[in-house]
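Each chain, written out:
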There are 2 protein chains.
Amino acid sequence: MRRLDFQRKTRVIVVDDNYDHASGIRELINLENEYEVIANAGNANVAISLIKKYQPDIVLMDMNMPDVDGITAISKISELNLDTRIIVLTAYDDPDLIFRAMKLGAKGYILKTMASHQLIHALDEVSQGKIYLPNVLCSRFFEYFQNFEKNQQNASYEDENNLLNDLTNREEEVLSLLTQGVTYKGVAQKLFISETTVKTHVNNIFQKLQVNDRTQAVLYAINKGFLNRQKIKIAV
Amino acid sequence: MRRLDFQRKTRVIVVDDNYDHASGIRELINLENEYEVIANAGNANVAISLIKKYQPDIVLMDMNMPDVDGITAISKISELNLDTRIIVLTAYDDPDLIFRAMKLGAKGYILKTMASHQLIHALDEVSQGKIYLPNVLCSRFFEYFQNFEKNQQNASYEDENNLLNDLTNREEEVLSLLTQGVTYKGVAQKLFISETTVKTHVNNIFQKLQVNDRTQAVLYAINKGFLNRQKIKIAV
DNA sequence: AATTTTCTAAACCTAAAGATTTAGATATAT
DNA sequence: ATATATCTAAATCTTTAGGTTTAGAAAATT
């Protein structure tokens, strides 16, 4: 099932620095009744101005281009907040590339090595508002995604060279308040201890984390995933 | 193509608080030569201790359970760092649930309404190290994923009530250095301006961001996605 | 029973941070 | 041409922050 609205074709812009390749794709797409390629772009900057001008339904974007790379291009296009949907067309099944493209809002991802009918299928799916990601690439994506999330968490606890593990409970409490922008006086009041005690704790924290001031301690804590899940809050 | 190693069956534990349902799944799976259900668990805590004990190849996990919910259970299981792969089995195609389950490392996700052969197919795929996520659920996932990422970025720029937009270029430069834990003196040296000028800028920044000190300013910046992409670095 | 951590707290000091006012120089816009 | 915004900088002052040493009490280890 394709588009129901036959009055207006789905408008596509092809972005590829290889002219022959772009022409091939253009002809392939124009064979289909539902689609028409309204423009070609040989590099990212031309592509962006064309997209601004014509606001196409779909952009077919090659990834390896001179000057501005595909990822940056996608990023800039999605900042325009148009209804234009991007399908990535590339030779590489690099998980990182897939992950970043999808993260930036690409609606489809196909390899150049894939059969041409898959390209049309992708157009069909994406023009219907779906996401098109072939199984192989989907697996690659999740590979990367789950590793990424795991690292985000493992950066926190269990880590051997995570100096946060050297902190005592009380020191963790103090650091937790520091990461909310609380002053020594504030910490003292909240923990019902004297200000000098807070200073003692803080100095111990600095030594253990090998930093020189509260800002660096806070940055260390955030980097190492201390207070990962709960959104960082600023105490007033 | 199923498993190549016929000498040892793939060992499965079923976690479902509905005993009848669990039994049904057990029988279904035991019809297959390659799999054997070695245990049932009616709640998450039992499940976790069984998994610790038997270290199964695959866990089929129901999501709506009493006491400890499925997401928490997955989280705890993945903290064990076993080779056990988790397949989620639930009645809901809630995007948030799918997203969180996959984020925590679930290798498959199927709806209870789906045909039984899909369950076996999921077991096949996952036992081969692949990820099994039916197209419908995959779309749901990406829906959520892309919205999530978009919000993370939009929290930064374009936001109306983002006070960071009020900062001048120079103030942004100063703030950027503050978020690296640089002192006033350090900022002065790096920007080739006097320390008092830095103080002026900093005070303006505080007023614009409506905060009282550098730590709060840094936290505000981080929360609003200032320095989103580049990993936070501590200057030494 | 003896030792080590941990939490508490003081005194004393220096350095850095932050608040406030004032002001000159350069742009940029109206 | 005259506001307006931005970047610069000084002087002055108060408040935190941070460094260092010392030390008592309680709890956990060995």
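This is a predicted model, so every value here is computed, not measured.

Here is what the cut-offs are and how they apply
- Residues numbered from 1 in each chain as written.
- Chains lettered and ligands numbered in written order.
- Predicted model: local features only at pLDDT ≥ 70, side-chain atom pairs only at ≥ 80, totals over all residues.
- Heavy atoms only, no water.
- Helix = DSSP H or I, 4+ residues; strand = E, 2+ residues; numbered from the N terminus.
- Buried < 20%, exposed > 50% of the residue type's maximum accessible area, 1.4 Å probe, protein only.
- Areas by Shrake-Rupley, 256 points an atom, 1.4 Å probe, with all protein chains shown as cover.
- Near = heavy atom within 4 Å.
- Polar contact = N/O pair within 3.5 Å; in protein donor to acceptor, adjacent residues only side chain to side chain.
- Nonpolar A, V, L, I, M, F, W, Y, C, P; charged D, E, K, R; others polar.
- Core = buried A, V, L, I, M, F, W, Y, C linked by side-chain atoms within 4.5 Å.
- Contact = heavy atoms within 4.5 Å.
- Pairing = 2+ DSSP bridges.
- Axes fitted to C-alpha atoms, helices over the stretch in contact; angles between N-to-C directions.
- Phe/Tyr/Trp six-rings, centres within 6.5 Å; stacked < 30°, edge-to-face > 60°.
- Salt bridge = Lys/Arg side-chain N within 4 Å of Asp/Glu carboxyl O.
- Arc of directions from axis to C-beta.
- Parallel < 35°, antiparallel > 145°, perpendicular 65-115°, else oblique.
- Left-handed = near helix turned anticlockwise from the far one by under 90°.

**Section: the overall build of chain A**
Piece 1. Helix and strand counts for chain A stand at 10 helices and five strands.
Piece 2. Counting the 236 residues in chain A, one finds 48% classified as buried.
Piece 3. With the model as given, the accessible surface of chain A reaches about 11,900 Å², and the carbon-plus-sulfur share is 47%.

**A short note on the protein's contact with DNA strand C**
Piece 1. Looking at DNA strand C, there are 18 residues lining it, with Thr168, Arg170 and Ser194 of chain A together with Tyr184 and Asn203 of chain B nearest.
Piece 2. Sugar plus phosphate: this is where 72% of the atoms of DNA strand C within 4 Å of the protein reside.
Piece 3. Contact distances for DNA strand C include 2.7 Å between a phosphate oxygen and a backbone N or O atom of Ser194 of chain A.
Piece 4. Taking Arg214 of chain B, its main chain carries an N or O atom lying 2.9 Å from a phosphate oxygen of DNA strand C.
Piece 5. Elements with a contribution of two residues or more to the surface near DNA strand C: helix 7 (169-178) and helix 9 (195-209) of chain A together with helix 8 (184-191) and helix 9 (195-209) of chain B.
Piece 6. Looking at the surface near DNA strand C, the element that brings in the most residues is helix 9 of chain A, giving four residues.
Piece 7. Of the residues that constitute the surface near DNA strand C, the class distribution is three nonpolar, 10 polar and five charged.

**Describing the nonpolar core**
Where a protein is soluble and globular, its nonpolar side chains tend to be buried together.
Piece 1. Of all hydrophobic cores here, the largest spans 106 residues; its most connected members are Phe141 of chain A together with Phe141 of chain B.
Piece 2. Contacts of Phe141 of chain B, omitting those with residues within four sequence positions, involve Phe141, Phe142 and Phe145 of chain A together with Ile98, Phe99, Met102 and Leu133 of chain B.
Piece 3. Judged by nonpolar contacts, the second largest core, of 44 residues, contains Phe206 and Val218 of chain A together with Val187 and Tyr220 of chain B.

**Considering the pairing of strand 3 (residues 58-62) of chain B**
Residue and element names in this part refer to chain B.
Piece 1. Counting buried positions over the five residues of strand 3 gives five, a clear majority of the element.
Piece 2. Every second residue of strand 3 is oriented toward a common face, with Ile58, Leu60 and Asp62 on one face and Val59 and Met61 on the other, all of them buried.
Piece 3. Sheet analysis places strand 1 (residues 10-15) next to strand 3, joined by four bridges and oriented parallel. Bridge pairing links Val12 to Ile58 in strand 3.
Piece 4. Bridging between strand 3 and strand 4 (residues 85-90) involves five bridges; their strand directions are parallel. Note on strand 4: the bridge partner recorded for Leu60 is Ile87.

**What to know about the protein's contact with DNA strand D**
Piece 1. In the vicinity of DNA strand D lie 18 residues, with Tyr184 and Asn203 of chain A together with Thr168, Arg170 and Ser194 of chain B positioned nearest.
Piece 2. Near-protein atoms of DNA strand D (within 4 Å) split between backbone and bases, with sugar and phosphate holding 73%.
Piece 3. In the model, a phosphate oxygen of DNA strand D is placed 2.7 Å from a nitrogen or oxygen of the Ser194 of chain B main chain.
Piece 4. Within the contact set of DNA strand D, a phosphate oxygen lies 3.0 Å away from a side-chain nitrogen or oxygen of His201 of chain B.
Piece 5. The greatest single-element share of the surface near DNA strand D, amounting to four residues, is contributed by helix 9 of chain B.
Piece 6. When the residues that make up the surface near DNA strand D are grouped by side-chain class, the tally is three nonpolar, 10 polar and five charged.

**As for the sheet that holds strand 3 of chain B**
All names here are of chain B.
Piece 1. Here five strands make up an open sheet; going across it, the order is 2-1-3-4-5 and the pairing parallel. Two strands in the sheet have a free side with no partner beyond their single neighbour: strand 2 (35-41) and strand 5 (108-111). Recorded for the sheet is a direction-independent mean angle of 20 degrees between the axes of neighbouring strands.

**Observations concerning the packing of aromatic side chains**
Piece 1. Evaluated as defined, the whole model comprises 21 aromatic pairs over all chains.
Piece 2. Ring centres 6.5 Å apart and planes at 45 degrees place the aromatic pair Phe142 of chain A and Phe142 of chain B in the tilted group. You can see Phe142 of chain A sitting in helix 6 (residues 135-154) and its partner Phe142 of chain B sitting in helix 6 (residues 135-154), one on each of two chains.
Piece 3. Assessed through its relative accessible area of 0%, Phe142 of chain A is described here as buried.

**Considerations on the pattern of salt bridges**
All names here are of chain A.
Piece 1. The tally for this structure, following the rule as stated, stands at 16 salt bridges over all chains.
Piece 2. Between Asp57 and Arg8 there is a salt bridge whose closest N-O contact spans 3.4 Å. Placement of Asp57 in the loop between helix 2 (44-54) and strand 3 (58-62) and of Arg8 in the segment before strand 1 (10-15) is noted, with a sequence separation of 49 residues between them.
Piece 3. For Asp57, a relative accessible area of 22% gives the class partly exposed.
Piece 4. For Arg8, a relative accessible area of 39% translates into the label partly exposed.
Piece 5. With a shortest N-O distance of 3.2 Å, Arg170 and Glu173 are connected by a salt bridge. Placement of the pair is Arg170 and Glu173 together in helix 7, with a separation of three residues, close to one helical turn.
Piece 6. Exposure remark for Arg170: the relative accessible area of 27% places this residue in the partly exposed category.
Piece 7. Each of Asp16, Asp62 and Lys112 takes part in a single network of salt bridges with overlapping partners.

**Quick notes on the sheet that holds strand 1 of chain A**
Residue and element names in this part refer to chain A.
Piece 1. On the basis of which strands lie adjacent, the open sheet formed by five strands has the order 2-1-3-4-5 and parallel pairing. Of all the strands in the sheet, just strand 2 (35-41) and strand 5 (108-111) have a single pairing partner and so form its edges. Going across the sheet, the axis of each strand differs from the next one's by a mean of 20 degrees, ignoring polarity.
Piece 2. Where helix 1 (residues 19-30) meets the sheet, it contacts strand 1, strand 2, strand 3 and strand 4 (85-90), and its direction lies at approximately 165 degrees from that of strand 2.

**Some remarks on helix 7 of chain A**
Piece 1. Every buried residue of helix 7 of chain A is accounted for by Glu171, Val174, Leu175, Leu177 and Leu178 of chain A. Across the axial projection of helix 7 of chain A, the buried residues extend over an arc of 160 degrees, all falling on one side.

**A short note on the packing of helix 10 (residues 214-223) of chain A against helix 10 (residues 214-223) of chain B**
Piece 1. Orientation of helix 10 of chain A relative to helix 10 of chain B, taken along the N-to-C sense of each, is 30 degrees, at an axis distance of 9 Å. Judged by the angle between their axes, helix 10 of chain A and helix 10 of chain B are roughly parallel. Here helix 10 of chain A runs over helix 10 of chain B; the crossing is right-handed. Together, Arg214, Thr215, Val218, Leu219 and Ile222 of chain A of helix 10 of chain A and Arg214, Thr215, Val218, Leu219 and Ile222 of chain B of helix 10 of chain B make up the contact between the two elements.
Piece 2. A class-by-class count of the residues in the contact of helix 10 of chain A with helix 10 of chain B yields six nonpolar, two polar and two charged.

By themselves these figures say nothing about function.
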